[in-house]
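Fold and contact review
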Number of protein chains: 2
Amino acid sequence: MPTPARTSTAQIVAAGRAILEAEGLDGLTMQRVAAAVGVRAPSLYKRVDGRSELVRLIALDVANELSTVLEAAATTRDPARDLVAIASAFRAFAHRHPEAYALLFRRLPESLRPAIDMGLPGFETMFRTVEALAGRERRLEAARTVVAWASGFISMELAGAFRLGGDVDEAFEYGAERIVAAISRRPAGERR
Amino acid sequence: MPTPARTSTAQIVAAGRAILEAEGLDGLTMQRVAAAVGVRAPSLYKRVDGRSELVRLIALDVANELSTVLEAAATTRDPARDLVAIASAFRAFAHRHPEAYALLFRRLPESLRPAIDMGLPGFETMFRTVEALAGRERRLEAARTVVAWASGFISMELAGAFRLGGDVDEAFEYGAERIVAAISRRPAGERR
DNA sequence: ACCTGAACACCGTTCAAGT
DNA sequence: ACCTGAACACCGTTCAAGT
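A closer look at the overall build of chain A
If you tally the helices and strands in chain A, you get nine helices and zero strands. Projecting the C-alpha coordinates of chain A onto the three principal axes gives extents of approximately 75 × 35 × 30 Å. Counting over 192 residues, chain A shows a buried share of 51%. Sequence separation of at least 24 residues holds for 69% of the intrachain contacts in chain A that already meet a minimum separation of 6. By element, 49% of the accessible surface of chain A is carried by carbon and sulfur atoms, the whole surface being about 9,700 Å².

Comments concerning helix α8 (residues 139-158) of chain A
Residue and element names in this part refer to chain A. The terminal C-alpha atoms of α8, which comprises 20 residues, lie 28 Å apart, in line with the 28 Å expected from a rise of 1.5 Å per residue. α8 sits mainly inside the fold: 18 of its 20 residues count as buried. Within two residues after α8, Gly160 carries a phi angle of roughly 75°, on the positive side.

Overview of the nonpolar core
Among the nonpolar cores identified, the biggest contains 126 residues, and Val130(A), Trp149(A), Ile183(A), Val130(B) and Trp149(B) are the most heavily contacted of them. Not counting the four nearest positions on each side in its chain, Trp149(A) is found in contact with Ala87(A), Phe172(A), Gly175(A), Ala176(A), Ile179(A), Thr145(B), Ala148(B) and Trp149(B).

Here's the deal with helix α2 (residues 30-37) of chain A
Residues and elements named next belong to chain A. Looking only at α2, the buried set comprises Met30, Val33, Ala34 and Val37. Seen from one end, α2 has its buried residues packed into an arc of 100°, which puts them on one side. In α2, the exposed residues that point more than 90 degrees away from the buried face are Gln31 and Ala35. Close packing links the buried residues of α2 with α1 (9-23), α3 (41-44) and α4 (51-73). Looking one or two places after α2, you find Gly38, whose phi comes out positive at around 80°.

With respect to the interface of chain A and chain B
Note on interface size: it is often stated as the accessible area lost on association of the parts. At the interface, 46 residues of chain A touch 45 residues of chain B. Taking both sides of the interface into account, the surface hidden between chain A and chain B amounts to around 4,000 Å²; carbon and sulfur atoms contribute 60%. When residues of chain A are sorted by the area they lose upon contact with chain B, Arg107(A), Arg144(A) and Tyr174(A) head the list and together hold 20% of the total. Put simply, chain A and chain B have four salt bridges between them. Between Arg138(A) and Glu170(B) there is a salt bridge, with the nearest N and O atoms lying 3.2 Å from each other. At the junction of chain A with chain B, the criterion picks out ten residue pairs in polar contact (both at pLDDT 80 or more). Looking at the side of chain A that touches chain B, the elements with two or more residues in it are α6 (98-104), α8 and α9 (168-183) of chain A. If one sorts the elements of the side of chain A that touches chain B by residue count, α8(A) sits on top with 13 residues. Its residues placed into classes, the side of chain A that touches chain B shows 25 nonpolar, nine polar and twelve charged.

A few points about the side chain of Thr145(B)
Examined against the element boundaries, Thr145(B) turns out to sit in helix α8 (residues 139-158). Residue class for Thr145(B) comes out buried when judged on its relative accessible area of 1%. From its side chain, Thr145(B) meets the backbone oxygen of Glu141(B) in a polar contact 2.8 Å long. Sequence-distant contacts of Thr145(B), defined by excluding residues within four places in its chain, comprise Trp149(A), Ala171(A), Tyr174(A), Gly175(A), Ile179(A) and Ile183(B).

Things to note about the environment of Ala148(B)
By the element assignment, Ala148(B) lies in helix α8. For Ala148(B), a relative accessible area of 0% puts it in the buried group. C-alpha of Ala148(B) to C-alpha of Phe127(B): the two residues are 21 residues apart in sequence and 13 Å apart in space. In contact with Ala148(B), not counting residues within four places along its chain, are Ala148(A), Trp149(A), Gly152(A), Phe153(A) and Met156(A).

Brief notes about the packing of α8(A) against α8(B)
The contact between α8(A) and α8(B) brings their axes to 6 Å, and the two run at 105°. Between α8(A) and α8(B), the angle falls in the class roughly perpendicular. Residues Arg144(A), Thr145(A), Val147(A), Ala148(A), Trp149(A), Ser151(A), Gly152(A), Phe153(A) and Met156(A) of α8(A) form the contact with α8(B), whose participating residues are Arg144(B), Thr145(B), Val147(B), Ala148(B), Trp149(B), Ser151(B), Gly152(B), Phe153(B) and Met156(B). Its residues assigned to classes, the contact of α8(A) with α8(B) comprises ten nonpolar, six polar and two charged.

Here we look at the relation of the copies chain A and chain B
Here chain A sits on chain B after a turn of 180° about the axis and a move of 0.0 Å along it, with an RMSD of 0.0 Å. Taken together, the rotation and translation relating the two chain copies correspond to the operation of a two-fold axis. Same-surface contact between copies: 93% of interface residues of chain A are shared with the interface of chain B.

A closer look at the packing of aromatic side chains
Residues and elements named next belong to chain B. Here the structure, examined in full by the defined rule, presents 14 aromatic pairs over all chains. When the ring of Phe90 is compared with that of Phe105, the centres are 6.3 Å apart and the planes differ by 75°; the resulting orientation is edge-to-face. Linking Phe90 in helix α5 (residues 79-96) with Phe105 in the loop between α6 (98-104) and α7 (121-134), this pair joins segments that are 15 residues apart in sequence. Overall, the relative accessible area of 19% leaves Phe105 in the buried class. Judged by centre distance (5.1 Å) and plane angle (70°), the ring pair of Phe153 and Phe172 falls under edge-to-face. One end of the pair, Phe153, is in helix α8; the other, Phe172, is in helix α9 (residues 168-183), with 19 residues separating them in the sequence.

Conventions and cut-offs
- Residues numbered from 1 in each chain as written.
- Chains lettered and ligands numbered in written order.
- Predicted model: local features only at pLDDT ≥ 70, side-chain atom pairs only at ≥ 80, totals over all residues.
- Heavy atoms only, no water.
- Helix = DSSP H or I, 4+ residues; strand = E, 2+ residues; numbered from the N terminus.
- Buried < 20%, exposed > 50% of the residue type's maximum accessible area, 1.4 Å probe, protein only.
- Contact = heavy atoms within 4.5 Å.
- Areas by Shrake-Rupley, 256 points an atom, 1.4 Å probe, with all protein chains shown as cover.
- Expected span 1.5 Å × (residues − 1).
- Core = buried A, V, L, I, M, F, W, Y, C linked by side-chain atoms within 4.5 Å.
- Arc of directions from axis to C-beta.
- Buried area = accessible area lost by both parts, 1.4 Å probe.
- Salt bridge = Lys/Arg side-chain N within 4 Å of Asp/Glu carboxyl O.
- Polar contact = N/O pair within 3.5 Å; in protein donor to acceptor, adjacent residues only side chain to side chain.
- Nonpolar A, V, L, I, M, F, W, Y, C, P; charged D, E, K, R; others polar.
- Axes fitted to C-alpha atoms, helices over the stretch in contact; angles between N-to-C directions.
- Parallel < 35°, antiparallel > 145°, perpendicular 65-115°, else oblique.
- Least-squares fit on C-alpha atoms with pLDDT ≥ 70 in both.
- Phe/Tyr/Trp six-rings, centres within 6.5 Å; stacked < 30°, edge-to-face > 60°.

See the structure below:
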């Protein structure tokens, strides 16, 4: 006799994300998630293949949200200003969802890799903005430089690695400005 | 009746590091470490306060080794070349010990933070080299920019995040050059 | 002193049995 | 169909008992 579903994959992912953010990745247990959606742990396996699959689904959810945030950040027609805005939006997102953010850049065995496509609109936007500054030929190296800097800065910041005092916001602004200039085809002063 | 110690903290840390590198952080269990040093899991608690303490000790060991590697990398008197060499040594270390490296930049509750002092000689060397390029006033922001870029690049690389093809080594060289230029004081006469 | 087995409270995961 | 309790193989950690 069929019984109605008491939960859904979407609800499980949402609950998992909430628990992740509140308790950290170690606190994200199948039992907690099950309790949050009103079910017992074994029932989760009807919709999700296991814990690592759940974590992967959460990471995909986070990537999508981040993508829309980045997309919305490029509002001017000036690529230099847009790129700074994109980097700042990236950082603000990480501050709002530090545990979720950490999920995006963690080391994983090849097989479990979350296929976070750089094809997501927000990353495309970033990529296009970089290309406008660095030129078609150097766009890949330039994009990698920008993303490496931004993600590294944020990871260190969230890991509490900036312990020498100073103004961290100011260091981010300094870095953003310098990096934008560094990847630009012409020195900033010559642009019009 | 006293029995002789069958292992030591140093041996435990070394075994733990080997297991970490071979099996990943999840594979680093007290039982495995115990087996590797020829003892049962409960005996580890005589020398180490628990698993997170063990991980902290391993992280400190890694930080010290990284420090000596960085220190040895600065061999010329040209700070620009030295800084590139330091960044490359940093990257090479991470490639040799990817799991150990990941330990250094992971998010931790404040209380468990591994007190990886920036006072370690290798980091001092890097800091001094940056200062020679960026000047005393901007050295903190400049150092943060360099380390953020390098650590971010390496994390992404090790996480398998560079999936758009292209030459990753070339992207690192490109980034290193551009960043060194970006944090350097402008030569006299050039306007901004 | 140091080491150990046994025990406890947790995990993730499987599966037969219930509705 | 979906959910569940029971079971299994693991964890980390504690502690009384052994040497």
